[in-house]
Amino acid sequence: MFSKYKKQAAAGAPAKASKLKAVKPDAPIAPKPAANQSASLRRPMPKTSAEAAPQDKERKRKERLSDIKIQLHKELLEQLNLAALETANEAELRAEITTITTEILEEKGIVLNRDDRQTLTKELYDEVTGLGPLETLLQDETVNDILVNGPQQVFVEREGKLMLSDVTFKDEKHLLRIIDKIVSAVGRRVDESNPYVDARLADGSRFNAMVPPIAVDGSLVSIRKFKKDKLGIDDLVNFGAFNEEMAAYLQAAVATRLNIIVSGGTGSGKTTTLNALSSFIDNAERILTIEDTAELQLQQTHVGRMESRPPNVEGKGEVSPRDCLKNALRMRPDRIIVGETRGEEVIDMLQAMNTGHDGSMTTIHANSARDGVSRLENMIAMAGIEMPLKAVRSQISSAVNLIVQASRLQDGSRRMTSITEITGMEGDVISMQEIFRYQRVGLTPENKIIGHFTATGVRSHFSERFRMWGYDLPASVYEPTKMESH
Ligand SMILES: Nc1ncnc2c1ncn2[C@@H]1O[C@H](COP(=O)(O)OP(=O)(O)OP(=O)(O)O)[C@@H](O)[C@H]1O
Ligand SMILES: [Mg+2]
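Conventions used here
- Residues numbered from 1 in each chain as written.
- Chains lettered and ligands numbered in written order.
- Predicted model: local features only at pLDDT ≥ 70, side-chain atom pairs only at ≥ 80, totals over all residues.
- Helix = DSSP H or I, 4+ residues; strand = E, 2+ residues; numbered from the N terminus.
- Buried ≥ 20, exposed ≤ 12 C-beta atoms within 10 Å, placed from the backbone.
- Contact = placed C-beta atoms within 7 Å.
- Pairing = 2+ DSSP bridges.
- Axes fitted to C-alpha atoms, helices over the stretch in contact; angles between N-to-C directions.
- Core = buried A, V, L, I, M, F, W, Y, C linked by C-beta atoms within 7 Å.
- Near = placed C-beta within 6 Å.
- Nonpolar A, V, L, I, M, F, W, Y, C, P; charged D, E, K, R; others polar.
- Domains from an automatic or database assignment.
- Parallel < 35°, antiparallel > 145°, perpendicular 65-115°, else oblique.
- Left-handed = near helix turned anticlockwise from the far one by under 90°.
- Expected span 1.5 Å × (residues − 1).
- Arc of directions from axis to C-beta.

Turning to the overall build of the protein, a few remarks are in order. When its secondary structure is counted, the protein shows 15 helices and 15 strands. When the 486 residues of the protein are sorted by exposure, 32% land in the buried category. At a minimum sequence separation of 6, the contacts of the protein that also span at least 24 residues come to 55%.

Put into structure tokens, the structure is as follows:
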């Protein structure tokens, strides 16, 4: 009854051929002698000795399933009518794969228990319709990042911790096939002459791949999974990313339109923080966002999203973040949010912040507020703007009001380790004051960091502004916390 997903029987198919296996009657799957087959593929006997470590058994089971899967996958692809697959619904396709799998297994004399058969069918389904071994990880809600270092090593990040997963690819060719499937689905290409690609997947996940020979030991893939429910302010407070006082302060800062930079290292939670901060923006404002890969999910109604585009293989068609930003300024925004500032767009960003688009936000790659400012200076210099350093600094100090530092600590936790205000210039130097910080105290025996958030005791430079705008923060917000570990 699922025959529409099967290739049509070739003319002259032997009448004997089963209705499910009418594909290549002239190239029958030659079953090996049953005895050999069952000898090499037989499930290990129930353990009779205590030696067989459970891990070892599990590994062998996996290897065996993987062998069978590879065998079956090839045959399945030959048998399935790939054109009809596109219109097949999931249930039909699963049923079809189950039927064909059962039949091939029977024909080959392979006996599998129910669990193994179900695993096999699922993996085959993933292989045919999805992204093969990656599919399970993509569907696993607890996995944030997937990092592939060649076919045999796939790491995942769960709850801030990187760990080796038990997922592997058969070989580099298999991995390349999956990469190709991913990138061709979003209209990109990756091969020897064009060995790396950065893309956003259909589900919003961020994808980056680099293939040999640039990647020496096999293709490198990193996927930052798209979270449907981005972490909001309350989630972040609950996770101990910052405390209630800091949240109240940040709300006042965003609502009163301070220009904010979120600074941090790779994967430190910059985009998440930026996204959470944006929730404090009034719904009536017109917000334009500019990103390399659209990750932000703003809650407001009036949002225009832009995604910059790298040049194509011939080096044409680039739309840089700067192009987007310049254009955005003509689109009457109340606020501009740039996903990450890393190049010449810094000039337009600072100009926007200085000229009527206050309340704008961006992220930069830096390890502290001071470092963040040096980064901005460097970016300006690299953009070829010839300005005395003092003028550059004065431009920065009048544009940026607040630097929020996000960090991924050594125990995997992500915390806002500092909130620093830029208060102006003192001589040639930009003056700053830290308002909140994360105070580390020690380590638990399990290597978890012990620490707490605290105000530094310095009252905000903007407290009068906050008050005028109706965000009169109590003085207690600025009082240093005694001990409260998170
Ligand atoms: N405080 C937090 N607690 C737990 N998980 C977090 C926290 N902040 C961020 N994450 C998770 O960490 C991952 C990385 O976060 P995010 O994308 O915001 O980092 P990033 O600094 O923007 O990274 P990149 O440098 O790659 O752009 C995401 O999966 C996110 O959901
Ligand atoms: Mg980011």
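Turning our eyes to something else, we now look at the sheet that holds strand 2 (residues 154-158). If you trace the six strands from one edge of the open sheet to the other, you get 3-2-1-6-5-4, paired in antiparallel fashion. In this open sheet, the two edge strands, each paired with only one partner strand, are strand 3 (161-164) and strand 4 (196-200). Strand-to-strand twist across the sheet, computed as the mean angle between neighbouring axes with direction ignored, equals 15°. Here strand 1 (residues 143-149) pairs with strand 2 via five bridges, running antiparallel. Paired with D145 across the strands is E157, a residue of strand 2. Strands strand 1, strand 4, strand 5 (206-210) and strand 6 (220-224) of the sheet are contacted by helix 7 (residues 172-185), whose axis makes an angle of about 135° with strand 5.

Take the nonpolar core next. Among the nonpolar cores identified, the biggest contains 62 residues, and M246, Y249, A253, I260, I396, V404 and I419 are the most heavily contacted of them. For I419, the contacting residues outside a window of four places in its chain are M246, Y249, L402, V404, I435 and F436. Of all hydrophobic cores here, the second largest spans 19 residues; its members include V154, V197, F207 and V211.

Further remarks concern the sheet that holds strand 9 (residues 303-307). Spatially, 9-8-10-11-7-12-13-14-15 is the arrangement adopted by the nine strands of the open sheet, whose pairing is mixed. The two strands at the open ends of the sheet, each matched to only one other strand, are strand 9 and strand 15 (449-455). The average undirected angle you get between the axes of adjacent strands in this sheet is 25°. In the sheet, strand 14 (residues 429-443) pairs with strand 15 via seven bridges, with the strands oriented antiparallel. In the sheet register, G442 faces strand 15, and the bridge partner there is I450.

Bringing the site of ligand 1 into the picture now. Near ligand 1 you find 17 residues, and of these A241, G269, K270, T271 and T272 are the closest. For the shell around ligand 1, the leading source of residues is helix 10 (residues 270-278), giving three residues. Along the lines of polarity and charge, the residues of the shell around ligand 1 split into four nonpolar, nine polar and four charged. Two domains share the shell around ligand 1, each providing at least three of its residues, namely domain 2 (131-226) and domain 3 (233-478).

With that out of the way, let us pick up helix 12 (residues 345-354). For helix 12, the tally of buried residues reaches eight of ten residues, placing the bulk of the element in the interior. Among all positions in helix 12, only E345, V346, I347, D348, M349, L350, A352 and M353 are buried. In this structure, the buried side of helix 12 is in contact with helix 11 (321-329), strand 10 (335-338), strand 11 (361-365), helix 13 (369-382) and helix 14 (389-399). One or two steps after helix 12, the chain reaches G356, where phi turns positive at roughly 95°.

Here we come to the packing of helix 11 against helix 12. How two helices sit against one another is set out by the angle between their axes and by the gap between those axes. The geometry of helix 11 relative to helix 12 is characterised by a closest axis approach of 8 Å and an angle of 25° between their N-to-C directions. Classed by the angle they form, the pair helix 11 and helix 12 counts as roughly parallel. Pair helix 11 / helix 12 crosses with left-handed handedness. Together, P321, R322, L325, K326 and L329 of helix 11 and E345, D348, M349 and A352 of helix 12 make up the contact between the two elements. Its residues assigned to classes, the contact of helix 11 with helix 12 comprises five nonpolar, no polar and four charged.

Helical geometry: 3.6 residues make up each α-helical turn, so side chains three or four residues apart lie on a common side. Taking 1.5 Å as the rise per residue, helix 7 with 14 residues should run 20 Å; its terminal C-alpha atoms sit 20 Å apart, in good agreement. Burial in helix 7 covers these residues: L175, I178, I179, I182 and V183. Across the axial projection of helix 7, the buried residues extend over an arc of 125°, all falling on one side. Opposite the packed face of helix 7, turned more than 90 degrees from it, sit the exposed residues K173, S184 and A185. Those residues of helix 7 hidden inside the fold are in contact with helix 6 (134-139), strand 1, strand 4, strand 5 and strand 6. Following helix 7 by one or two positions, G187 has its phi on the positive side, about 70°.

What follows concerns unusual backbone geometry. For the bond from P212 to P213, the omega torsion is 5°, close enough to zero to count as cis. Within the fold, P213 resides in the loop between strand 5 and strand 6. Of note, the phi angle at R332 is positive, near 50°, even though the residue is not glycine. Residue placement: R332 occurs in the loop between helix 11 and strand 10. By the C-beta count within 10 Å, which is 9 here, R332 ends up exposed. Positive phi, close to 65°, is recorded for N447, a residue that is not glycine. Secondary-structure assignment places N447 in the loop between strand 14 and strand 15. The exposure class of N447 is exposed, given the 9 C-beta atoms found within 10 Å.

Okay, the packing of helix 4 (residues 90-108) against helix 5 (residues 114-129) next. Remark: helix 4 packs on helix 5, axes separated minimally by 10 Å, with the N-to-C direction vectors making an angle of 120°. Here helix 4 is positioned oblique relative to helix 5, judged by the angle of their axes. The two elements helix 4 and helix 5 cross, and the hand of that crossing is right-handed. Across from L93, R94, I97, T98 and T101 in helix 4, the residues of helix 5 making contact are L120, T121, L124, Y125, V128 and T129. Taken together, the residues that form the contact of helix 4 with helix 5 break down as six nonpolar, four polar and one charged.

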